[in-house]
Structures are given as C-alpha cells and as structure tokens.
Amino acid sequence: MSTTDVRTHRAGTTLLITIDRPQARNSVNAEVATLLAKALDELETDPGLRAGVLTGAGGTFSAGMDLKAALRGESPNIPGRGFGGVTEAERTKPLIAAVEGWAMGGGFELALACDLIVAAEDAHFGLPEVKRGLIAAGGGVIRLPRRIPYHLAMEFLLTGEPVSGRRAGELGLANRVVPAGDAVNKSLLLADQLAANAPLALAAVKTVVRAADGAPEADAFAAQRAVMGELMASADVREGMTAFTERRTPQWTGR
C-alpha cells in the first residue's frame, strides 16, 4: 500500500509502516488514522508477515494530533481502535516503534502502544497536552505510569516537558537506543529476531500480558491456562519440540 500520507513496505516477513507527512511533522489527521488502521489490518491478516515496524518520514516520528485538522472537526480516532487507529487496537503480531526526531503527544502514545521501542539517541519523547489544556488521552495517562515509576511518569504528564532518546533508554522506555538515523534499520533487525520465533507463541505472550494487566494473580493464571491449553494443542508446539530434538531450525506454520 502506498499513499500520500502512509506508506507500507514489505521487508521480508516485516511490514514497515511509515507516516509520510513531513511537512506536518507526521501529525495524525482522520486520513492518517484510517490508513494506519488499514496497514495494521494488512499486518494482521497476511500470514507471510510476522512483525511490523512503525516509523515516520523526514526524521520525525510523529508530532501527534493534527491540531489544524482537529479545529476543522476531524477526529484522529478510529472507533474501537483509538488514536491513529493504533492505541486501542488489539493485535496478535508484534509492532516495533522506530523513533527518530520528535515523538510528541499522540506520537509518543503511538510508540507506547507498540510492543517494543527503538529510539535514536537524539529523539525526543514528550506529552505536552497540559500546555494546550488537554491530557494525554490516547494512552499516555494510562500507560506511562505502568511503564516507568509513578513520580517520573507524573513529571512527563504534569510538566509536558520532553526527554531525549538517551534518557528514554535510561528510564526503560526504549529497548534499544541507537545513533541518529539508525532506528529503522535496528528495528528491522529486531523484527527479524522476533520472526524466528513461533508466531502462535508470540501471539500467546501478547494475549496473556494483556489479560494479566491489573488482574488479580489467580485470574491472570486462569487466563494463562486457557491460552496454554490452545497453544499446547498446536502443530507449532510439536514442531518446536521435534526441531529441538533433531537439532534443526523449526519450520513454523502458525497452526
């Protein structure tokens, strides 16, 4: 898929999704949200794709909500999928944020909605909504205090001041901190590493993590048992065990 505002490119088993509005700092309007949702649908439904990488063109990840479009009455939210068609979407396949430049407001929330984050050293992450009379309602207020210590999250949310990619790595927000310009390449390598693992197992990890979030321990284990029951009956589990005993690389079928 290739359009003016969102481009997708297949890199082996990875779908590279690029927000391409550098003239608007890759801010998200209604069209971008719709196209991002379609890109995620492509990732989910294509059995040849194992992971996705989300990034922005022109050295910027995303400045978040397109305020000019919002003033015209456009919504950057997709019902059931949240901001940009990403922040509330349920996905079974891993999604990596490759962050160069600014990830501000909703842009930071897009990154928080991903499973992994690769950040350039000179990237900037921030939630400046309070400076505009808003709150980070695309997941920032909810997710950030779950990812980093409370007082550090509240500094983001109450001051609206950004931090560098290097600082994001120190806080545990980024899985990898890389030289400027290298975030996409490192993200694609990380996606290849994920793709070597069983797709059903990757999906199961995501399902259990979601089910366990905020749940009592007994409920979390109950949800995990249900997922494990399905997983143990899969052909991929048998293939993984067989490949191990035969000392060969598994051939996953996703069944």
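Reference entry: report on the structure contained in this document. Just so it is clear, the model here is predicted, and its values are computed rather than measured.

Tallied over the entire structure, the rule returns 14 salt bridges. Two residues, Asp-66 and Arg-21, come together in a salt bridge whose shortest N-O distance is 3.0 Å. You can see Asp-66 sitting in the loop between strand E3 (51-56) and helix H2 (67-71) and its partner Arg-21 sitting in the loop between strand E2 (14-19) and helix H1 (30-45), a full 45 residues away along the chain. Here Asp-66 matches Arg-21 in class, with each residue buried. Ionic contacts of the salt-bridge type, sharing partners, join the residues Arg-91, Asp-115 and Lys-206 into one network.

A separate point is the sheet that holds strand E10 (residues 163-164). Spatial strand order, E7-E9-E10: three strands in an open sheet with mixed pairing. Every other strand in the sheet has two partners, leaving strand E7 (102-104) and E10 as the edge strands with one partner each. As paired strands, E7 and strand E9 (residues 124-126) are joined by three bridges and run parallel to one another. When the sheet's bridge partners are listed, Met-104 is paired in E9 with Gly-126.

A few words now on the sheet that holds strand E6 (residues 95-99). The mixed open sheet is built from six strands, whose spatial order is E1-E2-E3-E6-E8-E11. The open sheet has two edge strands, strand E1 (6-11) and strand E11 (176-178), and neither has a second partner. Averaged over all neighbouring strand pairs, the angle between strand axes comes to 20°, with direction disregarded. Where E2 and E3 come together, six bridges link them in parallel fashion. Paired with Leu-15 across the strands is Gly-52, a residue of E3. Contacts from H1 reach E1, E2, E3 and E6, with the element oriented near 175° to E2.

Okay, the layout of surface pockets next. Of the volumes computed, that of the largest pocket is approximately 960 Å³. If you go around the largest pocket, you meet 32 residues; those closest to its centre are Ala-113, Cys-114, Asp-115, Arg-143 and Arg-147. At the level of secondary structure, the elements contributing two or more residues to the lining of the largest pocket comprise helix H3 (106-113), strand E8 (116-120), helix H4 (140-147) and helix H8 (199-212). For the lining of the largest pocket, the residue count by class is 17 nonpolar, five polar and 10 charged. Lining the second largest pocket are 27 residues, and of these Ala-63, Gly-64, Met-65, Leu-67 and Gly-106 lie nearest its centre. Residue composition of the lining of the second largest pocket, grouped by class: 11 nonpolar, eight polar and eight charged.

Quick notes on the rules
- Residues numbered from 1 in each chain as written.
- Predicted model: local features only at pLDDT ≥ 70, side-chain atom pairs only at ≥ 80, totals over all residues.
- Heavy atoms only, no water.
- Salt bridge = Lys/Arg side-chain N within 4 Å of Asp/Glu carboxyl O.
- Helix = DSSP H or I, 4+ residues; strand = E, 2+ residues; numbered from the N terminus.
- Buried < 20%, exposed > 50% of the residue type's maximum accessible area, 1.4 Å probe, protein only.
- Pairing = 2+ DSSP bridges.
- Axes fitted to C-alpha atoms, helices over the stretch in contact; angles between N-to-C directions.
- Contact = heavy atoms within 4.5 Å.
- 1 Å grid on protein atoms, 1.4 Å probe; cavity = no way out; pocket = protein on both sides within 12 Å on 5 of 7 lines; lining within 4 Å.
- Points joined across faces, edges and corners; volume = space filled by probe spheres on them.
- Nonpolar A, V, L, I, M, F, W, Y, C, P; charged D, E, K, R; others polar.

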